[in-house]
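The primary structure of each chain is shown beneath.
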Amino acid sequence: MSGLEKITDNASVSVIKFLQANVPKSDLVNIEKELKKDFLLAKKKSKGQKVKKKRKKSRILTRKEKKALGFYAIPRDSVKYSEVVPLNQIWSDYISQMLELEKLGPVGTNKNWEQFTQTIYKADFHGSMMQVVRSKCPSYVGKKGICIMDTKNTFKIVSIDNLVTTIPKKDSVFELYVKDIKICVFGKHLCVRPAERSTKKVKSYLHPDL
Amino acid sequence: MKKVQGNDSFQRINYLYQISKHMAGINPVLSAYYGNLIVNVAKKNVLKIHPDIKRQICKKCRTMLVDKTSGKMKMRNRNKSKHIEWTCNTCGVKRNFPANKGKDHRVWLERPEAVEEVIN
């Protein structure tokens with residue numbers, strides 16, 4: 001029943017007349033008002049009473065909170081080289097266990113050479129001692145240090161003079177030092193997020209372009 | 001020799017756990033970064049983190065909790081039951097572990113009968 005327009009059609013008028021005849025006198029005034037009332041049907045929702053959903057308190061840090069704690073920025077002089085040296089010791093143990101370096105024969109002669117390279121690309125590089133051998137940008141060449149952070153496109157390296165440098169992977173070639181073995185790694189192949197690297201399939205051949 | 005599924009990822013988690021714990025007292029930012037990586041690697045490879053390791057990672061900021069350096073440990077009583085309360089120094093989140101005397105609070109994975117086979 002729409003409220004605003006005047007009741008005109010035949011049936012409604014007769015209903016009103018009937019009501020006026022039968023209702024007690026004190027209620028006569030209310031007839032019109034009562035008829036105009038809206039009734040709540042199942043599908044119709046009232047507009048005013050929208051219940052606000054209570055937001056659940058998140059249990060993990062939001063981006064803002066992380067930023068406030070300084071999780072995104074590592075200042076250039078915040079990490080000391082002496083603090084990172086133990087990482088490198090643990091890493092060399094880890095990597096020699098992963099690659100089974102004791103069993104390794106001379107370069108290229110081993111049967112499972114393919115698998116060896118696959119494991120390198122799936123391993124973790126945090127804490128590795130690395131040096132930039134070649135790069136498109138000449139000022140990066142020769143930088144040496146321990147890797148502390150590994151993102152999709154960059155390595156963060158702490159050098160001996162306690163400086164943190166960011167090095168783009170894509171156009172650089174790195175050398176890793178494991179005890180007395182040198183491993184040459186093309187940064188181009190490593191452009192994956194560190195968490196995803198172990199699950200992603202590595203292309204066995206990529207065109208080198210340096 | 002039998003091979004364990006996801007062995008290289010387990011080794012990686014083990015390594016990350018060690019370095020994250022090492023950095024906990026020195027640089028909480030890096031510790032949180034490595035802790036975060038542990039969780040993400042386990043998620044990507046659909047592996048379970050051992051409860052012993054998982055309990056040491058702060059639930060909120062994922063730093064490794066070490067008593068008196070990156071967190072505080074305290075015994076507390078509540079309703080006649082004891083529990084250990086860990087507080088993270090980085091983000092200030094509190095976490096409780098029940099520790100009643102004479103009760104076995106170990107989860108299934110930690111019990112000796114859960115060990116089916118040992119592969120070296």
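This text goes with the structure placed above it.
Residues numbered from 1 in each chain as written. Chains lettered and ligands numbered in written order. Predicted model: local features only at pLDDT ≥ 70, side-chain atom pairs only at ≥ 80, totals over all residues. Heavy atoms only, no water.

K.L.:
I keep staring at the sheet that holds strand 2 (residues 144–150) of chain A and nothing clicks. Help me out?
P.N.:
Hydrogen bonds between backbone atoms are what pair the strands of a sheet, whose relative direction is either parallel or antiparallel. Residues and elements named next belong to chain A. Taken in spatial order, the six strands of this open sheet run 4-3-2-1-5-6, and their pairing is antiparallel. Looking at the sheet topology across the chains shown, the edges are occupied by strand 4 (164–168) and strand 6 (181–186). Taking each pair of neighbouring strands and ignoring which way they run, the sheet shows an average axis angle of 40°. As judged from the five bridges shared by strand 1 (residues 129–135) and strand 5 (residues 172–178), these two strands associate in the antiparallel manner. Of the residues in strand 5, the one forming a bridge with R134 is V173. (Pairing = 2+ DSSP bridges. Helix = DSSP H or I, 4+ residues; strand = E, 2+ residues; numbered from the N terminus. Axes fitted to C-alpha atoms, helices over the stretch in contact; angles between N-to-C directions.)

K.L.:
Sorry if this is basic, but what is going on with the sheet that holds strand 2 (residues 81–88) of chain B here?
P.N.:
Residues and elements named next belong to chain B. Taken together, the three strands give an open sheet; going across it, the order is 1-2-3, and neighbouring strands pair in antiparallel fashion. Looking at which strands have only one partner, the edges of the open sheet turn out to be strand 1 (71–78) and strand 3 (94–98). Across the sheet, the axes of successive neighbouring strands diverge by a mean angle of 25°, strand direction being ignored. Across eight bridges, the pairing between strand 1 and strand 2 is antiparallel.

K.L.:
Before we go on, may I ask you to explain the pattern of salt bridges in this structure?
P.N.:
When charged atoms on two side chains of opposite charge get close, those side chains can pair. The final tally for this structure, using the stated rule, is ten salt bridges over all chains. Notably, a salt bridge pairs K182(A) with E175(A), separated by 4.0 Å at the nearest N-O pair. Given the relative accessible area of 55%, K182(A) is considered exposed. Judged by its relative accessible area of 16%, E175(A) is buried. Across the pair R55(B) and D52(B) runs a salt bridge whose closest N-O atoms are separated by 3.9 Å. Taken together, the positions of R55(B) and D52(B), both in helix 3 (residues 51–56) and three residues apart, correspond to about one turn of that helix. A residue is classified by how much of its surface remains accessible, and R55(B), at 28% relative accessible area, is partly exposed. Each member of the salt-bridge network shares a partner with another, and the members are D52(B), R55(B) and E110(B). (Salt bridge = Lys/Arg side-chain N within 4 Å of Asp/Glu carboxyl O. Buried < 20%, exposed > 50% of the residue type's maximum accessible area, 1.4 Å probe, protein only.)

K.L.:
Explain the interface of chain B and chain A here, please?
P.N.:
Put simply, an interface is often sized by how much accessible area is lost when its parts join up. Between chain B and chain A, the contact holds 28 residues from the first and 31 residues from the second. Our enumeration of links across chain B and chain A arrives at one salt bridge. Linking R12(B) and D124(A) is a salt bridge whose minimum nitrogen-to-oxygen distance equals 2.6 Å. At the boundary of chain B with chain A, the tally comes to seven residue pairs in polar contact (both at pLDDT 80 or more). Ranked by the residues each element gives to the side of chain B that touches chain A, the list is headed by helix 1 (residues 7–23) of chain B, at ten residues. (Contact = heavy atoms within 4.5 Å. Polar contact = N/O pair within 3.5 Å; in protein donor to acceptor, adjacent residues only side chain to side chain.)

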